Amino acid sequence: MFTFVVSAPVRLCALACIALCSSAAAEADISFQSPSGNIRCEMTRGAPLAVRCDLGVDQQSYTNRPASCDGDWGTTFGLDQTGRGRLVCVSEGDPAPSVPVVLPYGRRAILDGIVCRSEISGVTCTNIQGGGFSVRRAEQRVF
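Quick notes on the rules
Residues numbered from 1 in each chain as written. Predicted model: local features only at pLDDT ≥ 70, side-chain atom pairs only at ≥ 80, totals over all residues. Heavy atoms only, no water. pLDDT = per-residue confidence, 0-100. Contact = heavy atoms within 4.5 Å. Pairing = 2+ DSSP bridges. Helix = DSSP H or I, 4+ residues; strand = E, 2+ residues; numbered from the N terminus. Core = buried A, V, L, I, M, F, W, Y, C linked by side-chain atoms within 4.5 Å. Buried < 20%, exposed > 50% of the residue type's maximum accessible area, 1.4 Å probe, protein only.

(A) Geometry of the confidence of the model for the chain. Per-residue pLDDT for the chain has a mean of 79; in total, 76% of the residues score no lower than 70. Note on residues 1–25: pLDDT is under 50 here. Beyond four places in sequence and across chains, it has 72 contacts.

(B) The sheet that holds strand 6 (residues 86–87), seen in detail. Read across the sheet, 5 strands follow the order 2-3-4-5-6 without closing on themselves; strand pairing throughout is antiparallel. In this open sheet, the two strands that pair with only one neighbour each are strand 2 (30–33) and strand 6. With 4 bridges joining them, strand 4 (residues 51–55) and strand 5 (residues 76–79) adopt antiparallel strand pairing. Bridging from a neighbouring strand, cysteine 53 pairs with phenylalanine 77 of strand 5.

(C) The nonpolar core, seen in detail. Core analysis: the biggest nonpolar cluster contains 26 residues, and Phe32, Met43, Val51, Val123, Cys125 and Phe133 have the highest contact counts within it. Of all the secondary structure elements, the ones that give two or more residues to this core are strand 2, strand 3 (39–43), strand 4, strand 5, strand 7 (107–111), strand 8 (114–119), strand 9 (122–126) and strand 10 (132–135). Contact partners of valine 51, with chain neighbours within four places excluded, come to Glu42, Met43, Phe77, Gly78, Leu79, Ile114, Cys116, Cys125 and Phe133.

In structure tokens, the structure reads:
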């Protein structure tokens, strides 16, 4: 089985930055996209979010933008090493890596106890407490 496992800060592809509403940014340790190119994820140590996935969707499951969000809502999902997955208010887009790494269906990326699995149905990321999110074109959910 093909698995990204990072035990030291190893760069697996071109450096990428994530920007959150707080304007905090960090370099991704692992960046990948789904084989369809519809879902792009970054796994980062020491960032406000350990995982961030952005997707281009036809239909959003979450459409009620909170009043505190002045950015894009409903297409970016995040996860820390503990706790539940969540939606992220994004004030700046996620720059795509110049040479995206494709995480094939049936494979996973692992960083510091967080696992993201690529399946035909979408990408699911979970942490050590079982919190996470599942995203696909037609439906997204946090848990």
